[in-house]
Amino acid sequence: MANDPAKSENLDDEKPAITLPGVVEKIVRPITPSEPEKAQIAIKGADELYREIRVENTLKNAAGEEVRLKPGAQVDVTIEAPTEAVEKKPA
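Residues numbered from 1 in each chain as written. Predicted model: local features only at pLDDT ≥ 70, side-chain atom pairs only at ≥ 80, totals over all residues. Heavy atoms only, no water.

Undergrad: Can you help me understand the overall build of the chain in this one?
TA: For the chain, the count of helices and strands is 0 helices and 6 strands. Tracing the chain from N to C terminus, the helices and strands come up as β-β-β-β-β-β. Residues counted as buried form 24% of the 91 residues belonging to the chain. Here the contacts in the chain between residues at least 6 apart in sequence split such that 39% fall between residues at least 24 apart. Accessible area of the chain: about 7,200 Å², with a carbon and sulfur share of 52%. (Helix = DSSP H or I, 4+ residues; strand = E, 2+ residues; numbered from the N terminus. Buried < 20%, exposed > 50% of the residue type's maximum accessible area, 1.4 Å probe, protein only. Contact = heavy atoms within 4.5 Å. Areas by Shrake-Rupley, 256 points an atom, 1.4 Å probe, with all protein chains shown as cover.)

Here it is, written out as structure tokens:
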């Protein structure tokens, strides 16, 4: 579900969500073998303090195979919440 970055949408059968565009800035290699590789993503439209996130660099393609993001990849970052975890914004 792709939303306008300025608003969240709440449909009866869907979780409230917002999707913002991002770009993979770099791949962070693990310090120890037990740690996962991370993708550092710059999020466009987020507040200054929250413009970068790091996530495990493991995705699955349509065939169910594990794939990794590459530096420079354009991505969408979606935040979803259960309906009971949100409240209406005051007018």
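Undergrad: Would you take a moment to explain the environment of Pro21 for this structure?
TA: One can find Pro21 in strand β1 (residues 17-28). Separated by 20 residues in the primary sequence, Pro21 and Ile41 place their C-alpha atoms 9.7 Å from one another. Excluding residues within four positions of it along the chain, Pro21 makes contact with Ala42, Ile43, Lys44, Val75 and Asp76.

Undergrad: I would appreciate a short explanation of the sheet that holds β1 in the present structure.
TA: Strands pair in a sheet through their backbones, by hydrogen bonds, and they do so in one of two ways: parallel or antiparallel. If you trace the 4 strands from one edge of the open sheet to the other, you get β3-β2-β1-β6, paired in antiparallel fashion. At either end of the open sheet lies a strand with only one pairing partner, and these are β3 (52-56) and β6 (74-80). Going from strand to strand, the sheet's axes swing by 45° on average, the running direction of each strand aside. Note that β1 and β6 share 7 bridges and pair antiparallel. Across the sheet, Val23 pairs through a bridge with Gln74, a residue of β6. (Pairing = 2+ DSSP bridges. Axes fitted to C-alpha atoms, helices over the stretch in contact; angles between N-to-C directions.)

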